[in-house]
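Structural overview for review
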Amino acid sequence: MTEEELKQIKPTVTVDARGTYCPGPLMELIKEVRQQPVGSVIELISGDAGSAKDVPEWLNKVKQEFLGVIPGDGYWRIFSKKVKDM
Amino acid sequence: MSDKLAIIIASEEYEKSHVASMIASVAAVSGVEVSIFVTMNAVYNYLKETVAKKNFTGGKLYEQIKEKKASMFYELFDQAKMLGGLKIYVCSMVMDILKIEKEDLIDIVDDHLGLAAFLGIMEGAETITF
């Protein structure tokens, strides 16, 4: 998805993990992916530069969908979609 | 990466347990079955007494982790255990030498094991040693 498209998205839930260090943001996302029903869009806000690379890698590994990243000022908004139960 | 990961932690250096807990966390939540074997001087870091007093042996990064109030290794392990398949074993030989019991160890420790048992767990697993 393009940044413009991502900005239009209304996430089911937003997880603000700023202030936690690697792998904190990823772990926060995982907790949310587990809890939300299939079809949910989850926005993760992370202040850790690694997350923008880590999250897509993890989503790919567990076969969930990565929608894209919007870089902010010192943080990243990372969008993912739960496409199957886990 | 294979679906089994074995991590041996032998050093008392705080940072080694920390990086082990980070790798173990991400592996465990990615469907990898993780087994940790804590042995030699590393065992001191898994004693309730050491954790309560934060009496760890660490270097410059340990000081920063404390200062920035980042999660400690035992918190990362605990979280990983809730989210994925992770077991932590302490070397029974070290427990014997130090005269410590399971109750002296922090709660994230599942059991104590001898080497033959851990070698069995390591079979077919990728292994990392710290």
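Everything numeric here is computed off the predicted structure, so don't read it as measured data.

Let us look at the packing of aromatic side chains. Applying the stated criterion across every chain yields a total of ten aromatic pairs over all chains. Geometrically, the ring pair formed by Phe73 of chain B and Phe77 of chain B is edge-to-face, given 6.2 Å between the ring centres and 85 degrees between the ring planes. You can see Phe73 of chain B and its partner Phe77 of chain B sitting in helix α4 (residues 73–83), four residues apart, about one turn around the helix. The exposure classification of Phe73 of chain B matches that of Phe77 of chain B, with both residues buried. Taken together, the aromatic side chains of Tyr14, Tyr46, Phe56, Tyr62, Phe73, Tyr74 and Phe77 of chain B make up a single cluster linked through ring pairs. In this arrangement the basic side chain of Arg18 of chain A is found over the ring face of Tyr75 of chain A, its NZ or CZ atom lying 4.7 Å from the centre.

Now for the packing of helix α1 (residues 14–28) of chain B against helix α3 (residues 60–67) of chain B. Residue and element names in this part refer to chain B. Relative orientation of the contacting elements α1 and α3 amounts to 65 degrees, with a least axis distance of 8 Å. Regarding α1 and α3, the two cross each other, and that crossing is left-handed. Of the residues in α3, those in contact with Tyr14, Glu15 and His18 of α1 are Lys60, Leu61, Tyr62 and Ile65. When its residues are assigned to classes, the contact of α1 with α3 shows four nonpolar, one polar and two charged.

This brings us to the packing of α1 of chain B against α4 of chain B. Residue and element names in this part refer to chain B. Where α1 meets α4, the axes come as close as 8 Å, and the angle between the chain directions of the two elements is 15 degrees. Judged by the inter-axis angle, α1 sits roughly parallel to α4. Every pair of crossing elements has a handedness; the one defined by α1 and α4 is left-handed. From α1, Tyr14, Ser17, His18, Ala20, Ser21, Met22, Ala24, Ser25 and Ala28 reach across to α4, where they touch Phe73, Leu76, Phe77 and Ala80.

Now for the UniProt feature "domain: UPF0033" (unreviewed entry) in chain A. Within the UniProt annotation, "domain: UPF0033" (unreviewed entry) is assigned to residues 15–39 of chain A. Secondary structure content for residues 15–39 of chain A is 48% helix and 8% strand, while the C-alpha to C-alpha distance between its ends is 16 Å.

Further remarks concern the sheet that holds strand β3 (residues 65–71) of chain A. Residues and elements named next belong to chain A. Read from one edge of the open sheet, four strands run β1-β2-β4-β3, paired in mixed fashion. For this open sheet the edge positions go to β1 (13–16) and β3, each flanked by a neighbour on one side alone. With strand direction ignored, the average angle separating the axes of adjacent strands in the sheet is 20 degrees. Bridge analysis of β1 against strand β2 (residues 41–46) gives four bridges, and the strand direction is parallel. From the neighbouring strand, Asp16 faces β2, where its bridge partner is Ile45. Docked against the sheet, helix α2 (residues 24–35) engages β1, β2 and β4 (76–81), running at close to 160 degrees with respect to β2.

This brings us to the interface of chain B and chain A. Taken together, the contact between chain B and chain A spans eleven residues of the former and twelve residues of the latter. Each partner contributes to the roughly 1100 Å² buried at the junction of chain B and chain A, and carbon and sulfur atoms together form 69% of this total. Together, Val29, Gln79 and Leu83 of chain B form the three largest contributors to the area buried by chain B at its contact with chain A, with a combined 45%. Taken together, the links from chain B to chain A amount to four residue pairs in polar contact (both at pLDDT 80 or more). Of all the secondary structure elements, the ones that give two or more residues to the side of chain B that touches chain A are α1 and α4 of chain B. A class-by-class count of the residues in the side of chain B that touches chain A yields seven nonpolar, three polar and one charged.

The next point concerns α2 of chain A. An ideal rise of 1.5 Å per residue puts 16 Å on twelve residues; α2 of chain A measures up with 17 Å between its terminal C-alpha atoms. Among all positions of α2 of chain A, only Gly24, Pro25, Leu26, Met27, Leu29, Ile30, Glu32 and Val33 of chain A are buried. Here the buried face of α2 of chain A lies against β1, β2, α3 (51–61) and β4 of chain A together with α1 and α4 of chain B.

What counts as what
- Residues numbered from 1 in each chain as written.
- Chains lettered and ligands numbered in written order.
- Predicted model: local features only at pLDDT ≥ 70, side-chain atom pairs only at ≥ 80, totals over all residues.
- Heavy atoms only, no water.
- Phe/Tyr/Trp six-rings, centres within 6.5 Å; stacked < 30°, edge-to-face > 60°.
- Helix = DSSP H or I, 4+ residues; strand = E, 2+ residues; numbered from the N terminus.
- Buried < 20%, exposed > 50% of the residue type's maximum accessible area, 1.4 Å probe, protein only.
- Lys NZ or Arg CZ within 6 Å of the ring centre and 35° of its normal.
- Axes fitted to C-alpha atoms, helices over the stretch in contact; angles between N-to-C directions.
- Left-handed = near helix turned anticlockwise from the far one by under 90°.
- Contact = heavy atoms within 4.5 Å.
- Nonpolar A, V, L, I, M, F, W, Y, C, P; charged D, E, K, R; others polar.
- Parallel < 35°, antiparallel > 145°, perpendicular 65-115°, else oblique.
- UniProt positions renumbered as here; feature names shortened; annotations may be inferred.
- Pairing = 2+ DSSP bridges.
- Buried area = accessible area lost by both parts, 1.4 Å probe.
- Polar contact = N/O pair within 3.5 Å; in protein donor to acceptor, adjacent residues only side chain to side chain.
- Expected span 1.5 Å × (residues − 1).

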